[in-house]
Every structure is written in C-alpha cells, then in structure tokens.
Amino acid sequence: MDTPDKVDLKDLTREALQRLLTSSGKAKYRAEQVFRWIHQRDAADFDAMTNLAKVTREELKRTATITRFAPVHEDRADDGTTKYLFEMHDGSKIEAVWIPGVDESEDPPLTLSERESKGGADENGSKRKAADETHYRVTLCISTQAGCAMGCTFCHTGTMKLVRNLRTAEIVEQVLAVQRLHPERKITNLVLMGMGEPLHNYDNVVAALHILLDDLGMNFSHKRVTVSTVGLIPEMERLSKELPVNLAVSLHAPTNAVRDEIVPLNRKYPVEDLIAAVRRYPMPRKKVVMFEYVVLGGVNDRPEDVTALAKLLDGLPCKINLIPFNEWPGAPYKRPTPERLEAFRDALVKKGFFTFVRATRGRKILAACGQLATESRRTPRSLPTIPG
Ligand code: SAH
Ligand code: SF4
C-alpha cells in the first residue's frame, strides 16, 4: 500500500534517484543498482535486491516504496489485441492496450542481446527472456491521464473530463505490468495515445519517458516511442528541446472553421500556428511527423478539406493516418461509409500525401482510439460492459 510519507522510487529518474541516495550518504553506483532492479529486472520489493546490504534494504523499506499494480480486468480481441484495465489506489481507472504485430518497418527493433549490450551486462547474469528474436513488433498504447480536459467532441474519453494526472510511476508501471504478463514477447514500441493528453501532464510524462528510455532501465529506443498530442504548442516546443521522440499530431481538420468545433483547443492554438510549430519540430532521423485524422462522415472528409489540407501541409514531410470514427453510444457523428473513406484517401494520395487508413484493432472490445475507459468510469467499481 502507498504510504504518503514514503518516497515512491518508481517516480524517480535515475538522476533523481542518485540525488536521493547520495544525500543519505550512499555511493552513486547504489542508485544505478536500485534503478536496474526496478526497471530492468522488475523487482517486486526491496528484499529481491540481493546485491544491496541488508541494512540498506531495511532502510529503503522504512523510507521508500515501489508502485506496482496488475490489471483488474482484461479483454482480448480475436487478433490478439488486449485491453488491460488498471485501478489506481484512489479508484481512478486507466487502460493500456497491447497490440502484437509483425514489424514491417525498415528499422528493426533491437534484439534482446543488442538491448542488453547497449545497457551493459546485467550484474547477476539474469536476462529478460525473449522466445523470438526475429523482427516482431509489439506496441503498447498507454494512458497519461485519467480522463482528459481537452473535450474533443468525437472522443469518448473527452466526454468524461479530467479526473487527474497520472504520476510518473503510474505511467511507467503500465509498461512494466503488461510486460510482466508477456515475458516471452518484449514490448518494442510505445505510443502515448491512450487516455489523456500527454503534454497536458508534461512533467510526469517527460520524467516517465526519461525512465523508459534509460539504458539501465527498459531501454526503449527514442525512434520507437511516439507522443500523440492534440496541439499544445508551448509544450511541443519544450519537448522538442528535451527528448527527441516521434511526434503524432491529432489534426482532424485543416481549417479553423471545422477544427474550432471538434477540437476546442484550436480556439487557443489555431491550426496555422500548430502546423508552423510542427514544421519546427526536430523529428528523429529518417522519421516524419504523423498526422492523425479521425474521419467524421460528412464533417471533415469533403473535397474542400482535401484542397485545404494540401495547402496547409504543402512541403511538410509527413504521413496522414486516417482513423475512421469509432462510434460510441450517443456520439454525435457517423463513421464514414467505406466508399467515402476510400475516396477521401485516394484524393489525398493524388495530392502526394503518404496516407493510410488505420486498421481498427480491438474495436469489439472498445479498445479502439477514443473509446477508452469511459465505460468503467460510468459504472465505478464494476467491470466495463463489453459489447459484441
Ligand atoms: N490526447 C492525445 C492522445 C490520445 S487520443 C491526442 O488527442 O492526440 C489518441 C487518438 O485517438 C487521437 O488521434 C484521437 O483523435 C483519436 N480518437 C479519439 N476519439 C476517437 C474516436 N471516437 N474514433 C477514432 N479515433 C478517435
Ligand atoms: Fe483528449 Fe485526445 Fe480525446 Fe481530445 S482526442 S479529448 S485530446 S484524449
């Protein structure tokens, strides 16, 4: 159980952990050992940290804690996509979605041995086991807030308002907790596209990313981590200076007339300013920004939208990811017909855009974009109702 006066070591970057431990007279390498135990070896408690002196372990037990949780519910779709529901200590519910797949990119993930050699040898020689070292991709979509304050009108999460920011430890632990359930399949990619607006919980998200990318921790490659934002321009600029991860921008409409209606934040940061900020964002080498575009039948998939998009994004290296609107009960929009969606995609391709339609994974289990967790909030303390 969390004790308020204990420090949660999972909240701390390696540097912060070093500051904490050296301030109580411990050598710097102790912090590295503890950090590895937590993030590389997923230690359940301080007793597991067998290379620390017993007196140090006892002291840590008295003064510190390590957040750890397991899903309270899971739903698996036919394609293997699995949605995990987690309950935080205050009853807030959040979700992470595990999406297995074959890696078709030209940039193979690090194999287990490459990851370990980058991170240095494990002191006790114990290795996280991967049954299959061929190029597979396992993506985990994680949440950064319970609810969301941005209020996009097509988003189920947006209808529930912000409950609270997740702590750093709660963001990191989603990854460790799901990895623990799939010891044979290493998570290769992370997308911050679950519940919440990552850049609205900037400090905790950036600390969590530093931890997840740390080579003494889970050692994710910055090229395989994507932060999705609806367009908080000042935080995008801060992020660009701090951590060079992939950026996905939820565009959804090329004009202020439409975007003001569906993305209220656009009234604060108009779309031309957003695109100017995207043009300045330094993407990782060989990567381009991804624009997410939820296609709302008849609202943002008209011929004039194609023309306006071509003008707005002229010369900007990017991919456009069309997401057919996932309907939810009471939603004020319609999913476009397959013909209309195809026509919209073809029109964008003709304008020279690399455009793809996101295959909807896990739709039946309400694990698809914009469908997360509202169910669980409406019926607190009971499991979500899964249609289909
Ligand atoms: N807040 C961030 C990240 C979480 S939302 C953002 O908005 O980018 C992740 C993606 O799901 C966004 O592109 C969002 O627009 C999309 N999405 C939200 N509701 C949706 C719905 N009902 N159907 C399809 N996609 C949706
Ligand atoms: Fe929040 Fe993203 Fe949903 Fe908009 S689409 S309400 S920013 S989670």
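Use the structure listed above.
Residues numbered from 1 in each chain as written. Chains lettered and ligands numbered in written order. Predicted model: local features only at pLDDT ≥ 70, side-chain atom pairs only at ≥ 80, totals over all residues. Heavy atoms only, no water.

Caption draft 1: Just the side chain of Glu-170, in detail. Checked against the element boundaries, Glu-170 lands in helix 5 (residues 168-181). Overall, the relative accessible area of 1% leaves Glu-170 in the buried class. Within polar-contact distance, the side chain of Glu-170 engages the backbone nitrogen of Arg-167 at 2.7 Å. Discounting chain neighbours no more than four positions away, the residues touching Glu-170 are Phe-69, Met-88, His-89, Arg-164 and Asn-165. (Helix = DSSP H or I, 4+ residues; strand = E, 2+ residues; numbered from the N terminus. Buried < 20%, exposed > 50% of the residue type's maximum accessible area, 1.4 Å probe, protein only. Polar contact = N/O pair within 3.5 Å; in protein donor to acceptor, adjacent residues only side chain to side chain. Contact = heavy atoms within 4.5 Å.)

Caption draft 2: Inspection of the site of ligand 2 at higher detail. Around ligand 2, the surrounding shell consists of Cys-148, Met-150, Gly-151, Cys-152, Cys-155, Gly-158, Gly-196 and Val-230. For the shell around ligand 2, the class distribution of residues is five nonpolar, three polar and no charged. (Near = heavy atom within 4 Å. Nonpolar A, V, L, I, M, F, W, Y, C, P; charged D, E, K, R; others polar.)

Caption draft 3: How the structure looks around helix 9 (residues 271-280). Turning to helix 9, its buried residues are Val-271, Leu-274, Ile-275, Ala-277 and Val-278. Buried residues of helix 9, viewed axially, fall in a sector of 155°; they line one side. Tucked into the core, helix 9 has its buried residues touching helix 7 (233-242), strand 11 (246-250), helix 8 (256-262), strand 12 (289-295) and helix 10 (303-312). (Arc of directions from axis to C-beta.)

Caption draft 4: Region of the structure containing helix 1 (residues 14-23). Residues of helix 1 that are buried: Arg-14, Ala-16, Leu-17, Gln-18 and Leu-21. Just past helix 1, the residue Gly-25 takes up positive phi, approximately 85°.

Caption draft 5: Highlighting the packing of aromatic side chains. Tallied over the entire structure, the rule returns four aromatic pairs. Each ring, one from Tyr-293 and one from Phe-344, has its centre 5.6 Å from the other, and the planes form 40°; the classification is tilted. Linking Tyr-293 in strand 12 with Phe-344 in helix 11 (residues 338-350), this pair joins segments that are 51 residues apart in sequence. The same class applies to Tyr-293 and to Phe-344, which are both buried. Between Phe-325 and Tyr-333, the aromatic rings sit 5.9 Å apart at their centres with planes inclined by 85°, giving edge-to-face as the arrangement. Note on Phe-325: relative accessible area 1%, which makes it buried. (Phe/Tyr/Trp six-rings, centres within 6.5 Å; stacked < 30°, edge-to-face > 60°.)

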